[in-house]
Amino acid sequence: MLFSWFKNRRRKKITGHPFPAVWKELVDRNVEHWALLDTPERQQLEGLVQVLVAEKHWEGCGGLEMTDEVKVTVSAQAGLLLLGLKHDYYRNVLSVLVYPAGYVLPRSRIDGDSLIRQEERVPVLGTAYQRGPVILSWRSARHGGRDGRDGRNLVYHEFAHKLDMLDGLVDGTPPMGDTQLEQWVAVMTEAYERLCRHTEEGRPTLLDPYGATDVAEFFAVATELFFEKPVPLRERHPRLYRVLRDFYHQDTAERLGPRRQGAR
């Protein structure tokens with residue numbers, strides 16, 4: 001209880017400072033979704049950025065120099081997911097590690113015939129560990145923020161994983177109320193299985209086929225689409241759109257507005 005009091009007091013002090021003008025310029029330049037937010041949403045996101053920048057351990061890897069631009073750009077995108085949620089500033093994220101571009105992960109696999117363990121190095125752009133950091137490619141994180149309508153966003157994807165992991169499971173179902181949970185499971189399961197079928201058949205899909213990897217990846221991919229291409233998602237997968245809208249408490253398609261819906 002005492003720790004919670006000190007934590008809240010510290011956060012209130014952090015958000016009590018004016019949002020730096022140079023940070024506003026960074027968000028305006030690097031996070032396209034910022035332009036869609038109304039004034040209260042922008043103010044809320046500014047506070048989220050301030051706390052995330054201050055509380056997380058930020059580390060540049062592979063020669064990347066950690067700067068305010070990296071911290072603010074990533075925090076603004078991660079904070080966008082929290083705008084409508086009851087949250088604790090991603091309490092399960094202690095560190096954010098950022099590489100200049102992609103990096104490689106060592107992985108082991110068992111050869112099915114010889115049962116010999118094969119070591120390989122797999123190129124990746126981002127990773128979220130259940131009991132560890134979020135790791136990101138800065139090139140991809142910056143591109144994803146600047147292009148807010150191509151359906152892909154690395155930061156949304158990896159931080160959606162961290163929301164999923166808050167209950168200790170990696171099952172594509174972040175913590176939510178029991179009433180909401182029943183509808184969530186039914187809709188997400190049906191949408192995931194449909195994506196798996198269409199991917200196996202080689203049919204084009206609005207959702208990235210990577211979402212067919214497993215249910216956790218499906219939630220992360222669906223989150224990307226919910227914020228990046230909400231109007232097509234609402235039109236082609238209305239039930240999926242509704243459960244995401246009800247979970248995030250954000251109506252991203254309505255936020256986009258008639259003028260921007262016709263763009264690109």
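Below you will find a few notes about this structure. (Residues numbered from 1 in each chain as written. Predicted model: local features only at pLDDT ≥ 70, side-chain atom pairs only at ≥ 80, totals over all residues. Heavy atoms only, no water.)

Quick look at the nonpolar core
Soluble globular proteins: nonpolar side chains tend toward being buried together. Core analysis: the largest hydrophobic core is formed by 73 residues, its most contacted members being Leu81, Tyr90, Phe159, Leu240, Leu244 and Tyr248. Per-element tally for this core: the top contributor is helix H8 (residues 215-228), with eight residues. (Core = buried A, V, L, I, M, F, W, Y, C linked by side-chain atoms within 4.5 Å. Buried < 20%, exposed > 50% of the residue type's maximum accessible area, 1.4 Å probe, protein only. Helix = DSSP H or I, 4+ residues; strand = E, 2+ residues; numbered from the N terminus.)

Some remarks on unusual backbone geometry
Look at tyrosine 89: it is not a glycine, yet its phi comes out positive at around 55°. Following the sequence through the fold, tyrosine 89 ends up in the loop between helix H4 (68-80) and strand S2 (95-99). By relative accessible area, tyrosine 89 is classed as buried at 16%. The backbone phi angle of tyrosine 90 is positive, close to 50°, even though this residue is not glycine. Within the element layout of this structure, tyrosine 90 appears in the loop between H4 and S2.

Observations concerning the pairing of strand S6 (residues 134-137)
With burial as the criterion, each face of S6 is covered, one bearing Val134 and Leu136 and the other bearing Ile135 and Ser137. Here S2 pairs with S6 via four bridges, running parallel. Residue valine 96 lies in a different strand from S6, and its bridge partner there is valine 134. Note that strand S5 (residues 126-128) and S6 share three bridges and pair antiparallel. In the strand pairing of S6, alanine 128 is matched with valine 134. The hairpin formed by S5 and S6 contains five residues between the paired strands. (Pairing = 2+ DSSP bridges.)

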